[in-house]
Amino acid sequence: MEHLKTLFDFSKLPTKFFLLFALASGFILFAKPEWLSIIEIGSIKEEYGKYIGLTFVISTGLVVINFLIWVQKYISNKIRVFKFKKEYSENIKILDPQEKAVIREFFIRGQTSIEMPIDDPVVNGLISKNILKINKQFGNSFIMSGMNASVSLMKRAEKLLKLSDIDLNENPSEDEIELIKNNRPSWTDKWNMRY
């Protein structure tokens, strides 16, 4: 019984299968009689015409349905990607002061990867927002030192981020440098680095 159910489960058959049947049956139904006689299938149309017609209608219908489903999935996927990109761009522009401080570290240190404590709520939040990512060193695994791991900015975040988004200027004044120094994340204290 299970094998019989599988045999008639058309949803598992590829669209190419139905397209082949639609084209073949359509050719037999609509081709000129002399074309059919050349390939010696003229008698098939006469004997099995109604079955060929039924095959054409069903297979063409299934191809059209599959095409409409594909179009619907394609459009909904495009809408989903558009919404994601829009929301992502908005998230980059509304970072809170702590998030800005974490991201500034990449610019302050001039590095694309920094070891950060991933249990820090701000770092963890930026990872959840897909602004930061944990770097994978070996295949699909990553190395951690305690709760510290090598972290980078996501490529799309790098493209969208401007210095002004993280309260940085190309030529900061002494006051601005001092303000940034005093507002670095607490876990940077061990580095004692200068801006």
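Rules used throughout
- Residues numbered from 1 in each chain as written.
- Predicted model: local features only at pLDDT ≥ 70, side-chain atom pairs only at ≥ 80, totals over all residues.
- Heavy atoms only, no water.
- Helix = DSSP H or I, 4+ residues; strand = E, 2+ residues; numbered from the N terminus.
- Buried < 20%, exposed > 50% of the residue type's maximum accessible area, 1.4 Å probe, protein only.
- Core = buried A, V, L, I, M, F, W, Y, C linked by side-chain atoms within 4.5 Å.
- Contact = heavy atoms within 4.5 Å.
- Salt bridge = Lys/Arg side-chain N within 4 Å of Asp/Glu carboxyl O.
- Polar contact = N/O pair within 3.5 Å; in protein donor to acceptor, adjacent residues only side chain to side chain.
- Pairing = 2+ DSSP bridges.
- Expected span 1.5 Å × (residues − 1).
- Phe/Tyr/Trp six-rings, centres within 6.5 Å; stacked < 30°, edge-to-face > 60°.
- Lys NZ or Arg CZ within 6 Å of the ring centre and 35° of its normal.

(A) Layout of the environment of S164. Along the chain, the position of S164 falls in the loop between helix 7 (155–160) and helix 8 (174–182). Residue classification places S164 among the exposed positions, given a relative accessible area of 52%. For the pair formed by S164 and K93, sequence separation is 71 residues and the distance between their alpha carbons is 9.4 Å.

(B) Quick peek at the nonpolar core. Core analysis: the largest hydrophobic core is formed by 24 residues, its most contacted members being I103, M116, I131, L132 and L153. Listed by contribution, the elements that provide at least two residues to this core are helix 4 (42–93), helix 5 (97–109), strand 1 (113–117), helix 6 (121–128) and strand 4 (148–153). The biggest single contributor to this core is helix 5, with four residues. Those residues in contact with I103 that sit more than four places away from it in its chain are L95, L126, I131, L153, L161 and I166. Judged by nonpolar contacts, the second largest core, of five residues, contains I28, A31, I41 and I52.

(C) View of the pattern of salt bridges. The final tally for this structure, using the stated rule, is four salt bridges. Across the salt bridge formed by D167 and K100, the nearest N and O atoms sit 3.4 Å from each other. Residue D167 is found in the loop between helix 7 and helix 8, and its partner K100 is found in helix 5; the two are separated by 67 residues along the sequence. For D167, a relative accessible area of 46% corresponds to the partly exposed category. Under the relative-accessibility criterion, K100 is labelled buried at 17%. Residues E105 and R184 are paired through a salt bridge, measuring 2.7 Å at the closest nitrogen-oxygen approach. Pair noted here: E105 is in helix 5 and R184 is in the segment after helix 8, with a separation of 79 residues, a long-range link.

(D) Region of the structure containing the side chain of R184. Given a relative accessible area of 15%, R184 falls into the buried group. Separated by 2.7 Å, the side chains of R184 and E105 make a polar contact.

(E) View of the pairing of strand 4. Of all six residues in strand 4, six are buried; the element is thus mostly enclosed. Summarising the sheet, strand 1 and strand 4 pair through five bridges and their orientation is antiparallel. If you follow M116 over to strand 4, its bridge partner there is A149. Strand direction decides the pairing type here: strand 2 (residues 132–134) and strand 4, joined by three bridges, are antiparallel. When the bridges of strand 4 are listed, I134 appears paired with V151.

(F) Expanded view of helix 5. Between its first and last C-alpha atoms helix 5 spans 18 Å; for 13 residues at 1.5 Å apiece the expected length is 18 Å, and the two agree. Every buried residue of helix 5 is listed here: E99, K100, A101, V102, I103, R104, E105, F106 and I108. On its buried side, helix 5 packs onto strand 1, helix 6, strand 2, strand 4 and helix 8. Two to three positions downstream of the cap, the backbone nitrogen of Q98 sits 3.0 Å from a side-chain oxygen, assigning the N-cap of helix 5 to D96. After helix 5 finishes, the residue G110 shows a positive phi value of roughly 65°.

(G) Local environment of the packing of aromatic side chains. Counted under the stated rule, the structure contains three aromatic pairs. With centroids separated by 5.4 Å and ring planes inclined at 20°, the aromatic side chains of W70 and Y74 adopt a geometry described as stacked. Here W70 and its partner Y74 are both found in helix 4, four residues apart, which amounts to about one turn of the helix. On the accessibility criterion, Y74 (43% relative accessible area) is partly exposed. Considering the side-chain rings of F84 and Y88, the 5.7 Å spacing of their centres and the 35° angle between planes classify their relative orientation as tilted. Here Y88 and F84 lie together in helix 4, a separation of four residues that amounts to about one turn. Three or more aromatic residues joined by ring pairs make a cluster, and in this case those are F67, W70 and Y74. Across the ring face of Y88, the terminal group of R156 is positioned such that the distance to the ring centre comes to 5.3 Å.

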